[in-house]
Amino acid sequence: MRAFYFDNIPGDQRLLHDSGNPVSDDILKSIGLLHWHIPTNQQNQIDTVAKERNYKNRDTITITKQGLGDLYETKLKSFYEEHMHEDEEIRYILEGSGFFDVREHPTDSWIRCQLDAGDLLVLPAGIYHRFTLDENNMIKALRLFKDEPKWTPINRGDLTDVNPYRVDYLKSIAVT
Ligand code: KMT
Ligand code: NI
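Residues numbered from 1 in each chain as written. Chains lettered and ligands numbered in written order. Predicted model: local features only at pLDDT ≥ 70, side-chain atom pairs only at ≥ 80, totals over all residues. Heavy atoms only, no water.

As a reminder of what qualifies: UniProt positions are given in the numbering used here, feature names are shortened, and annotations may be inferred rather than shown by experiment.
As annotated in an unreviewed UniProt entry, the chain carries the name Acireductone dioxygenase and comes from Suillus fuscotomentosus. Heading Sequence similarities (unreviewed entry) of the UniProt record for the chain holds this comment: "Belongs to the acireductone dioxygenase (ARD) family." Comment text from UniProt for the chain, heading Pathway (unreviewed entry), reads "Amino-acid biosynthesis; L-methionine biosynthesis via salvage pathway; L-methionine from S-methyl-5-thio-alpha-D-ribose 1-phosphate: step 5/6."

Here you go:
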């Protein structure tokens, strides 16, 4: 996984938008983001991480025009609306690639995380983020979760700013 500051230049969200400023692992850690690389031919390691972190369930999502059918445009649009979830968002990329943009705190800058096959990303509950395909227009990902998934996107707004999961998230990354 490669992380860099988003360039904020208007235009196609599928383009790289690399500002040229890389983001270090320490910065990613400071906003509660975890990531690993597990080659797709060593997927038993996924089971180890899943066990350690208590992810009991999983399913796969294929984001392509074919895979999503009529939902394609609507889904892509909602993935790219800035949102949070009341649960961790854990994605292991099986095939293809895409971008997860996460908000740095307290700067509110967008950090773009470029994910390829073998990348495993954990977004903490309450972090503001968005997702887009890149120019390859295809990603297949394993979604891991603890119990019933609570992936309903909650779009950013005044009410979301005071959502208990958002408030807890900010506490969890606060520097003391
Ligand atoms: C989300 O909630 O933002 C997503 O699930 C993005 C698509 S997973 C590759
Ligand atoms: Ni999300």
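Alright, that's what it looks like, and here's the rest.
**Description of the site of ligand 1**
Spelled out, the test is: If even one non-hydrogen atom of a residue comes within 4 Å of a molecule or strand, that residue is called near it. Two N or O atoms count as a polar contact when they lie within 3.5 Å, although within protein this holds only if one can serve as hydrogen donor and the other as acceptor, and sequence-adjacent residues are included solely when both atoms are side-chain atoms. All accessibility values rest on the Shrake-Rupley procedure with a 1.4 Å probe; residue burial counts only the protein chains present in the view.
Around ligand 1, a shell composed of Ile63, Phe79, His83, His85, Glu89, Arg91, Phe100, His129 and Phe131 is seen. The separation between an oxygen atom of ligand 1 and a polar side-chain atom of His83 is 3.1 Å. One of the side-chain nitrogen or oxygen atoms of Arg91 is found 2.9 Å away from an oxygen atom of ligand 1. Burial of ligand 1 by the surrounding chains reaches 97%, relative to a free accessible area of 300 Å².

**Brief notes about the pattern of salt bridges**
The line we're drawing: Here a salt bridge means any side-chain nitrogen of Lys or Arg lying within 4 Å of a carboxyl oxygen belonging to Asp or Glu. Numbering of helices and strands runs from the N terminus, with a helix taken as a DSSP run of H or I at least four residues long and a strand as a DSSP run of E at least two residues long. Relative accessibility thresholds used throughout: buried, under 20% of the residue-type maximum; exposed, over 50%; partly exposed, between the two (1.4 Å probe, protein chains only).
Summed over all chains, the structure comprises 14 salt bridges. Arg143 is the partner of Asp59 in a salt bridge, and the nearest nitrogen-oxygen pair spans 2.9 Å. Of this pair, Asp59 sits in strand β4 (residues 57–63) while Arg143 sits in strand β10 (residues 139–145); the two residues are 84 residues apart in sequence, bridging distant segments of the chain. A relative accessible area of 18% places Arg143 in the buried class. For Glu82, the salt bridge is made with Arg156, and the minimal N-O distance between the two is 2.7 Å. Of this pair, Glu82 sits in the loop between α4 (72–79) and β5 (83–84) while Arg156 sits in the loop between β11 (154–155) and α5 (158–161), and the two are 74 residues apart along the sequence. On the basis of relative accessibility, which here comes to 33%, the residue Arg156 falls in the partly exposed class. Several salt bridges share partner residues, and in doing so they unite Glu82, Arg103, Asp108 and Arg156 into one network.

**Observations concerning α4**
Our working definition: Arc definition: directions from the helix axis to the C-beta atoms. Any pair of residues with heavy atoms lying within 4.5 Å of one another is described as a contacting pair.
Within the sequence span of α4, burial applies to Tyr72, Leu76 and Phe79. Angularly, the buried residues of α4 cover 65° about the axis, an arc narrow enough to put them on a single face. Facing away from the buried side of α4 by over 90 degrees, the exposed positions are Glu73, Thr74 and Lys77. In this fold, the buried residues of α4 make contact with β4, α3 (65–68), β5 and β9 (129–133).

**Overview of the side chain of Thr132**
Within the secondary structure layout, Thr132 lies in strand β9. Given a relative accessible area of 1%, Thr132 falls into the buried group. A polar atom in the side chain of Thr132 sits 3.0 Å from the side chain of Gln13. If sequence neighbours within four positions are ignored, Thr132 has contacts with Gln13, Arg14, Tyr80, Gly98, Phe99 and Arg112.

**A short note on the pairing of strand β8 (residues 119–123)**
Rules: Only strands joined by at least two bridges in the DSSP assignment are considered to pair.
For β8, the buried fraction is high: 5 of the 5 residues fall into the buried class. Alternating positions in β8 separate into two faces, Asp119, Leu121 and Leu123 on one and Leu120 and Val122 on the other, with burial throughout. One ladder, built from 4 bridges, connects strand β3 (residues 34–37) with β8; its direction is antiparallel. Bridging from a neighbouring strand, His37 pairs with Asp119 of β8. Bridging between strand β6 (residues 89–103) and β8 involves 4 bridges; their strand directions are antiparallel. Bridged to Arg91 within β8 is Leu121.

**Looking at the UniProt feature "binding site: Ni(2+)" (unreviewed entry) in the chain**
Quick note on the threshold: Residues are called lining when one of their atoms sits within 4 Å of a cavity or pocket point, these points coming from a 1 Å grid over the protein atoms alone, where a cavity is a set in which a 1.4 Å probe fits but cannot get out and a pocket is an open set with protein on both sides within 12 Å along at least five of seven lines.
When the UniProt feature table is mapped onto this chain, "binding site: Ni(2+)" (unreviewed entry) is found at His83, His85, Glu89 and His129. A maximum C-alpha distance of 11.6 Å is found for the annotated residues, which run over 47 residues; spatially they form one tight group. Among the annotated residues just listed, those that line the largest pocket are His83, His85, Glu89 and His129. Mapped onto the fold, His83 is located in strand β5. Residue His83 is classed as buried on the basis of its relative accessible area of 4%. The residues contacting His83, other than those within four sequence positions of it, are Ser78, Glu89, Ile127, Tyr128, His129, Arg130, Pro153, Ile154, Asn155 and Arg156. Here His85 takes part through its side chain, which lies 3.1 Å from a polar atom of the side chain of His83. Its place among the elements puts His85 in the loop between β5 and β6. The buried category is assigned to His85, whose relative accessible area is 5%. Apart from the residues lying within four places of it in its own chain, the contact partners of His85 are Ala125, Gly126, His129, Lys150, Trp151, Thr152 and Pro153.

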